[in-house]
Amino acid sequence: MSRLTYDNENEIRLKSFAGALVINVLLLVILFLVSLSQTVPNPPPIQFVEVNFGTDARGSGKIQTYNKPSDSPNPVDVKPSENRPNPKVNTTPRVERTRVTPSPKIEDVKPAKVATEKPIIASKAESPVTTPERPEPKRTEAPRPTAPVERPAPPAPARKVETVNNDALFKKSSGGGGSNGTVGKASGTGGNSNGDDASGVGDKGNPNGKIDAKEFYGTPGGASSGVAFDVSGWSLASRPSVNDDSDETGKIIFQIKVDSGGEIINVRTLQTTVSPSVVDVYRKAVQRLRLRPKGGATPPTATGTITFIITSK
């Protein structure tokens, strides 16, 4: 074989290898661009439970109205109170002091004693002895009792008589002064105390929630079923994956404890209306949850609740 033929064969081989390499590189680039252009399907959004209407962070009971928080048992929306400006007066009653003129004291004067005259005893027989005549004693008339002399008594100390000035008393405005409503028309004091706390009067919930919603940790605008998550400093990173193939409906509330890294380290059932087997399915789903911090430093441990509202499919 001539040298020229050998050189031609090498040149052909090099060109074939280079062509194949270029084609492979182009195919890889095309595949990469196609994979980038494909949209990754978003996971289904988390369906949060609609939160109950409320104005406080704490409350207990089941009386739900638009009234201001009150422990009254009246579950009716009442009318707003009439905000009448009351005059600023001294609430201490004014005492008027009057002097009483003392009456003179009359002293009783005892009548003077009258001396009684003793009778003279005389005998009927004539006595030989003559006695000189005694001068007849003069009769003294007893002084007649005079009228009692009124002596002025020493002045007694003036007695203080306290009288209440009714014009100085604080008077409440009449008409609706005891009402605590906001949108109602009835009179009186209406009740409003609801929440899941052990004690305390308050309207727990969210001002943007619904008055007929049952949950206190949901989201405004949520649905009647789903999940309500409430752990300080943390939020759900993904939708809970629950393999519930039962036909049961109800409610489950778990208390969960989260460490500083967002790991759920304890799950405890607080309340349930479904069977234990369904509770166990949702507990496993809670243990697999991924959490993310809401922002800022997270506490070493945080305790809260997660609620599932289960409805029929």
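Refer to the structure printed above.
The structure presented is a predicted model; accordingly, all values stated were derived computationally and were not measured.

Q: I'm lost on the side chain of Ser 179 in this one. Help?
A: Checked against the element boundaries, Ser 179 lands in the loop between strand E3 (161-164) and strand E4 (193-196). Looking at Ser 179, the relative accessible area reads 9%, which means it is buried. Among the polar contacts made by the side chain of Ser 179, one reaches the main-chain carbonyl oxygen of Gly 188 at a distance of 3.4 Å. For Ser 179, the residues in contact, after removing those within four places along its chain, are Lys 79, Pro 80, Ser 81 and Gly 188.

Q: Honestly, the pattern of salt bridges in this entry has me stumped. Any pointers?
A: Pairing between side chains of opposite charge can happen when the charged atoms of each approach one another. Within this structure, the stated rule accounts for four salt bridges. Taking the shortest distance from any N to any O, the salt bridge between Asp 197 and Lys 204 comes out at 3.3 Å. With a shortest N-O distance of 3.5 Å, Asp 280 and Lys 284 are connected by a salt bridge. Taken together, the positions of Asp 280 and Lys 284, both in helix H2 (residues 276-287) and four residues apart, correspond to about one turn of that helix. For Lys 284, a relative accessible area of 45% translates into the label partly exposed. One salt-bridge network, in which partners are shared between bridges, spans Arg 58, Asp 197 and Lys 204.

Q: Any chance you could explain the sheet that holds strand E7 (residues 250-259) here in plain terms?
A: Sheets are built from strands paired through backbone hydrogen bonds, the pairs being either parallel or antiparallel. Spatially, E5-E10-E7-E8 is the arrangement adopted by the four strands of the open sheet, whose pairing is antiparallel. Edge positions in the open sheet fall to strand E5 (226-230) and strand E8 (264-272), since each of these has one partner strand only. Pairs of neighbouring strands in the sheet enclose a mean axial angle of 20°, with direction left out of account. Inspection of the sheet shows E7 paired to strand E10 (residues 301-310) by 10 bridges, in the antiparallel sense. Along E10, the bridge assignment pairs Lys 251 with Ile 309. Running at roughly 30° to E7, H2 makes contact with E7, E8 and E10 of the sheet.

Q: How should I be thinking about the side chain of Asp 203 in this particular structure?
A: Checked against the element boundaries, Asp 203 lands in the loop between E4 and E5. Only 3.0 Å separates the side chain of Asp 203 from the side chain of Asn 194, close enough to count as a polar contact. If we skip the residues at most four places from it in the chain, Asp 203 touches Phe 53, Gly 54, Thr 55, Asp 56, Arg 58, Gln 64, Thr 65, Pro 69, Asn 192 and Asn 194.

Q: Quick question: what am I supposed to make of H2 here?
A: Turn by turn, an α-helix covers 3.6 residues, leaving residues three or four places apart pointing in a common direction. Counted at 1.5 Å a residue, the expected span for H2 with its 12 residues is 16 Å, and the 16 Å between its end C-alpha atoms agrees. Every buried residue belonging to H2 is among Val 278, Val 279, Tyr 282, Ala 285 and Val 286, and all of these are buried. Projected down its long axis, H2 carries its buried residues within an arc of 120°, all on one side. Where H2 is buried, its residues contact E7, E8 and E10.

Criteria and thresholds
- Along each chain, the written sequence defines residue order, and numbers are assigned to residues from 1.
- It should be noted that, the model being predicted, local features are given only for residues of pLDDT at least 70 and side-chain atom pairs only at 80 or more, the latter also being counted only at that level, while totals for whole chains, interfaces and linings use all residues.
- Computation of side-chain values covers all heavy atoms of the structure but excludes hydrogens and water.
- Helix and strand assignments follow DSSP, with helices taken as H or I runs no shorter than four residues and strands as E runs no shorter than two, numbered in order from the N terminus.
- Whether a residue is buried, partly exposed or exposed follows from its accessible area with a 1.4 Å probe, protein chains only, as a fraction of its type maximum: under 20%, in between, or over 50%, in that order.
- Here a polar contact means two N or O atoms within 3.5 Å. Within protein one must be a hydrogen donor candidate and the other an acceptor candidate, and residues neighboring in sequence count only if both atoms are side-chain atoms.
- Contacts: residue pairs with any heavy atoms within 4.5 Å of one another.
- The salt bridge definition used is simple: a Lys or Arg side-chain nitrogen within 4 Å of an Asp or Glu carboxyl oxygen.
- At least two bridges found by DSSP between two strands are what make those strands a pair.
- To obtain an axis, a line is fitted to C-alpha atoms, over the contacting stretch when the element is a helix, and the angle between two such axes runs from 0 to 180 degrees between their N-to-C directions.
- Expected span, for any helix, means 1.5 Å times one less than how many residues it has.
- Here, the arc refers to the directions that run from the helix axis to the C-beta atoms.

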